[in-house]
Amino acid sequence: MIKKAIIPVAGRGTRMLRVTNGKSKEMLPVGGRPALSWIVEEAVLAGIEEILLVTSRDKKEIPLYFSNVEDPKTYDRGYTYPYDCRGKRVQIGYLYQERALGSGNAVSCGEEFAAGEAVAVLFGDDVMVSDVPVTAQLNEVYLRNRVAVVGVQTMPEEVVRSCASVIPSDGEWVSAIVEKPTGELTSHLASLGRFVASPEVFVALREQETRNGEIWLTDALNILAKKGKVCYCNFEGIRYDVGSPDGYQRAISELNSHGYDS
Ligand code: UTP
């Protein structure tokens, strides 16, 4: 059972600037509370006991909301803060990604936190609404195969092209992952911001070169997929991409009126 989760929230959120006006997109209200609180709740309901928020120094509203401090003592100095959620207590640690060098770079900041074990990774701008927490669904696939897992759903072409296309091989195994595909689409399975990072993912991330000034998690996963070391989980649930204006609009209109507020 996976007990730790990394939630990267240090991105610049350029697509959302006209909505956030420079504030953290992860803290935009959805259903009466910050989007990120939905994601932390998903992790807690999936049995996660320790969360690492990889954040940036200017997003002070994040530690203020979860830990009542603007400048938290960081995980590398041995600090975590308790947070109570749905009757469970989780420890939250903070680390700063000094420059927004991509989601892969943010995840690799958590290598020490992972301490050689598999960890869940939840992107901080993808809110999931599901009967069984999406992270728990990925955990099941991990426990069957003990390799990295990528959460997917079948999506229309424009969505797949805006994230990553996951090309399946036999059963639940992945043969390749193509970030923001531009050529012919061979798979409509889109990677939607939920992963299990096996220890090998951190090794692959260390070996990654930057692309457009960033290191992408999917590039590291693609290297492992080619070696037959990645599975996918076609999860049940609805994903709201609050990192894009359209996705955020959909999240507030559907979640504000469907009584998911807790
Ligand atoms: P995105 O690629 O959706 O975020 O990353 P972004 O870079 O902020 O978005 P745009 O393209 O500029 O609009 C998914 C998650 O990874 C985090 C983001 O905060 C988001 O929660 N992230 C991204 C980091 O923590 N660090 C980064 O360098 C990039």
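Source: prediction; values computed, not measured. (Residues numbered from 1 in each chain as written. Predicted model: local features only at pLDDT ≥ 70, side-chain atom pairs only at ≥ 80, totals over all residues. Heavy atoms only, no water.)

Enquirer: Help me get a handle on the overall build of the chain, residues and values and all.
Expert: What the chain contains, in helices and strands, is 10 helices and 14 strands. In terms of overall dimensions, the chain is globule-like: its C-alpha atoms have a radius of gyration of 17 Å, near the 18 Å expected for 262 residues. If you line up the chain on its principal axes, its C-alpha atoms span 45 × 40 × 35 Å. Buried residues in the chain amount to 57% of all 262 residues. The long-range share in the chain, meaning contacts at least 24 apart out of those at least 6 apart in sequence, stands at 73%. Within the structure as shown, the chain displays about 11800 Å² of accessible surface, and the carbon and sulfur contribution to it stands at 47%. Placing the 29 positive and 35 negative side-chain charges of the chain at their respective mean positions leaves the two points 3 Å apart. (Helix = DSSP H or I, 4+ residues; strand = E, 2+ residues; numbered from the N terminus. Rg over C-alpha atoms; globule rule 2.2 N^0.38 Å. Buried < 20%, exposed > 50% of the residue type's maximum accessible area, 1.4 Å probe, protein only. Contact = heavy atoms within 4.5 Å. Areas by Shrake-Rupley, 256 points an atom, 1.4 Å probe, with all protein chains shown as cover. Lys, Arg positive; Asp, Glu negative; His and termini not counted. Charge placed at Lys NZ, Arg CZ, Asp CG, Glu CD.)

Enquirer: Any chance you could break down the packing of aromatic side chains for me, citing the residues and the numbers?
Expert: Geometrically, a pair of aromatic rings is defined through the distance of the ring centres and the angle of the planes. Applying the stated rule across the entire model yields 5 aromatic pairs. Between Y81 and Y94, the aromatic rings sit 5.9 Å apart at their centres with planes inclined by 70°, giving edge-to-face as the arrangement. With Y81 in strand 5 (residues 81-85) and Y94 in strand 6 (residues 88-96), this pair connects stretches of sequence that are 13 residues apart. Owing to a relative accessible area of 16%, Y81 belongs among the buried residues under this scheme. Aromatic side chains F123 and F195 sit 5.2 Å apart centroid to centroid with 55° between the ring planes, which places their arrangement in the tilted category. Here F195 lies in strand 12 (residues 189-197) and F123 lies in the loop between strand 7 (119-122) and strand 8 (126-129), a separation of 72 residues in the sequence. In terms of burial, F123 and F195 fall into one category: buried. (Phe/Tyr/Trp six-rings, centres within 6.5 Å; stacked < 30°, edge-to-face > 60°.)

Enquirer: So, the nonpolar core: which residues are in play, and what are the values?
Expert: With 53 residues, the main nonpolar core has I7, L36, I51, L53 and F66 as its most contacted residues. Among the elements that make up this core, the one with the highest residue count is helix 2 (residues 35-45) (7 residues). If you look at the next biggest cluster of nonpolar residues, it comprises 33 residues, including I6, L95, V152 and F202. (Core = buried A, V, L, I, M, F, W, Y, C linked by side-chain atoms within 4.5 Å.)

Enquirer: Quick one: what's the story with the site of the ligand, residue by residue and with numbers?
Expert: The ligand sits among 19 residues. The nearest are A10, T14, E26, Q97 and G102. Here an oxygen atom of the ligand sits 2.5 Å away from a polar atom, N or O, in the side chain of T14. Contact distances for the ligand include 2.6 Å between an oxygen atom and a side-chain N or O atom of E26. Bound to the protein, the ligand loses 86% of the 570 Å² it would expose on its own. Residues that form the shell around the ligand fall into these classes: 7 nonpolar, 7 polar and 5 charged. (Near = heavy atom within 4 Å. Polar contact = N/O pair within 3.5 Å; in protein donor to acceptor, adjacent residues only side chain to side chain. Nonpolar A, V, L, I, M, F, W, Y, C, P; charged D, E, K, R; others polar.)

Enquirer: Give me the lowdown on the side chain of S244, citing residues and values where you can.
Expert: Position of S244 among the secondary structure elements: in the loop between strand 14 (238-241) and helix 10 (245-257). In contact with S244, other than residues within four places in its own chain, are R15 and M16.

Enquirer: Just give me the short version of unusual backbone geometry, but keep the residues and values in it.
Expert: Residue N68 is not a glycine yet carries a positive backbone phi of 65°. By relative accessible area, which is 65% here, N68 ends up exposed. The phi dihedral of K180 is positive, around 35°, even though this residue is not glycine. By secondary structure assignment, the location of K180 is in the loop between strand 11 (174-179) and strand 12.

Enquirer: So what's going on with the pairing of strand 1 (residues 4-8)? Residues and values would help.
Expert: Within strand 1, 5 of the 5 residues are buried, leaving the element largely enclosed by the surrounding structure. Relative to strand 4 (residues 50-55), strand 1 runs parallel, the two being bridged by 5 bridges. Residue pairing for strand 4: A5 is matched across the bridge by I51. The pairing of strand 1 with strand 7 spans 2 bridges and is parallel. Within the sheet, the bridge partner assigned to I6 lies in strand 7 and is V121. (Pairing = 2+ DSSP bridges.)

By themselves, these are just geometric observations and shouldn't be taken as functional.
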